[in-house]
Amino acid sequence: MRHFFQNKRLIVVFFSVITAMSLIAFSLFSERDMPKPLNWVNDVNAMVGRIVSTPTNALRNFSDSVTELKNTYEENQSLKRQIGTLQELKVQNQRLKEDNAELTNLIGLAPSLVGKKVIASSVISRSPNEWAESLTIDVGSNNGIKKDMSVMTDAGLIGRVYEVGPTSSKVRLLTSDADNHLEVAAGIQTKDTIEYGVVSAYDRHKNELVVEQVAPDAKIAKGDVVTTNGLGGVSPEGLIIGEVTESSADNFGLSKQIRVKPSADFNDIRHVFVVMTLGQSKAENDSEPVTVDENTFSEVTENAEEAAQ
């Protein structure tokens, strides 16, 4: 009996191998030659696969979309920060260019400032209501500033100190049309000589200074340089005011009226020089201002650069 069961196991294994080989052989033929039971099994497996794979693929696609959206958001935030940084750098670069141009212009002022005492300063206040009238600078009596000292930018004269405090001063601009408008004794450098007059008004519509009391026979041409002549006893000689744009007789025909385009830009005043006349001095306990000569003019530009910072 025992021998019989052992032979029976061999027979079962034998038929199992034959069945498996038969199924493999059937699978090698076309679908129409495959037995129906095998087709049913394949269909069921395919259906189950689709049922399982559909939500799985959907979940995977959703996860990929969320990841891509997160990456896009992070890249967008990074780009915004970079744009903000670039804008800041652009503004800083523009400001450095302006400061560089201003300091470069200071070199051209050397001839007009030689022998004069100057104090570098910065504008700390300029009211919109009095934009064309006055401004406030960050030096005062503690620095040796006194009333009626001339004030100029790297381009030319802009006005005169009219009020002094311990640490700040107010400057009356040439563009002011107040009752106490600033008048400046001017010299017009013509081809052959120097003609004299007085800066007495400012035309806001044309952005021109008006010089009056000029000799009627003066030969003045467009482009002639106008400077302070030092004869008024307040402003020192040689400070640049502007260039002649037009020359004509006044209403009475007794003198000429000269139109002058200012050298200074009155809409952009940030750093200035306060110029002292020979008769003006500082308090004994104060540090001395800079006396400009050809060898020490670089010190003035360094002071202006420090004020710019």
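Residues numbered from 1 in each chain as written. Predicted model: local features only at pLDDT ≥ 70, side-chain atom pairs only at ≥ 80, totals over all residues. Heavy atoms only, no water.

Draft legend 1. The pattern of salt bridges, seen in detail. Under the definition given, this model contains five salt bridges. Salt-bridge contacts for R204 lead to E133; the nearest nitrogen and oxygen are separated by 2.9 Å. One end of the pair, R204, is in the loop between β7 (194-203) and β8 (208-214); the other, E133, is in the loop between β1 (117-125) and β2 (134-137), with 71 residues separating them in the sequence. Look at R204 and you get partly exposed, because its relative accessible area is 44%. For E133, a relative accessible area of 12% puts it in the buried group. Between R204 and D177 there is a salt bridge whose closest N-O contact spans 3.4 Å. In this pair, R204 sits in the loop between β7 and β8 while D177 sits in the loop between β5 (169-173) and β6 (184-189), placing the two residues 27 residues apart along the sequence. The class of D177 is exposed, set by a relative accessible area of 52%. (Salt bridge = Lys/Arg side-chain N within 4 Å of Asp/Glu carboxyl O. Helix = DSSP H or I, 4+ residues; strand = E, 2+ residues; numbered from the N terminus. Buried < 20%, exposed > 50% of the residue type's maximum accessible area, 1.4 Å probe, protein only.)

Draft legend 2. Local environment of the sheet that holds strand β9 (residues 225-228). Pairing is antiparallel around the closed barrel formed by six strands, whose spatial order is β6-β7-β8-β11-β10-β9. With strand direction ignored, the average angle separating the axes of adjacent strands in the sheet is 45°. (Pairing = 2+ DSSP bridges. Axes fitted to C-alpha atoms, helices over the stretch in contact; angles between N-to-C directions.)

Draft legend 3. Focus on the packing of aromatic side chains. The tally for this structure, following the rule as stated, stands at zero aromatic pairs. Sitting over the face of the ring of W131, R126 holds its NZ or CZ atom 4.0 Å from the ring centroid. Lying over the aromatic face of Y162, R172 brings its terminal NZ or CZ to 4.3 Å of the ring centre. (Phe/Tyr/Trp six-rings, centres within 6.5 Å; stacked < 30°, edge-to-face > 60°. Lys NZ or Arg CZ within 6 Å of the ring centre and 35° of its normal.)

Draft legend 4. Seen up close, the pairing of β9. Examined bridge by bridge, β6 and β9 share four bridges and lie antiparallel to one another. Within β9, the residue paired with A186 across the bridge is T228. Sheet topology note: the β9/strand β10 (residues 240-249) ladder contains three bridges and is antiparallel. The residue of β10 that forms the bridge with V225 is E243.

Draft legend 5. Just the environment of K191, in detail. Along the chain, the position of K191 falls in the loop between β6 and β7. With relative accessibility at 82%, the residue K191 sits in the exposed group. As for K191 and K219, which are separated by 28 residues in sequence, their C-alpha atoms are 8.5 Å apart.

Draft legend 6. Seen up close, the side chain of R160. The topology assignment puts R160 in strand β4 (residues 157-164). For R160, the contacting residues outside a window of four places in its chain are D148, M149, S150, V151, K170, V171, R172, L182, E183, V184, V234 and S235. (Contact = heavy atoms within 4.5 Å.)

Draft legend 7. Seen up close, the nonpolar core. I158, I241, I258 and V274 are the most contacted members of the largest nonpolar core, which totals 40 residues. Element by element, the count of residues in this core is highest for strand β12 (residues 271-276), at five residues. Residues in contact with I241, not counting those within four places in the same chain, are L157, V184, A186, V199, L209, V226, T227, T228, K261, P262 and S263. (Core = buried A, V, L, I, M, F, W, Y, C linked by side-chain atoms within 4.5 Å.)

Draft legend 8. Expanded view of the confidence of the model for the protein. Scored by pLDDT, the protein comes out at a mean of 77, with 67% of its residues at no less than 70. This stretch, residues 281-287, has a pLDDT under 50; its non-local contacts, to residues over four places away or in other chains, come to 12 contacts. Residue range residues 292-297 is modelled with pLDDT below 50. Its contacts to residues more than four positions away, or to other chains, number 15 contacts. (pLDDT = per-residue confidence, 0-100.)

Draft legend 9. Region of interest: the environment of L173. Topologically, L173 is positioned in strand β5. Take L173: its relative accessible area is 0%, and that puts it in the buried class. Residues L173 and M152 lie 21 residues apart in sequence; the distance between their C-alpha atoms is 9.9 Å. When neighbours within four sequence positions are excluded, L173 is seen to be in contact with R126, W131, A132, E133, S134, L135, I158, G159, L182 and I269.

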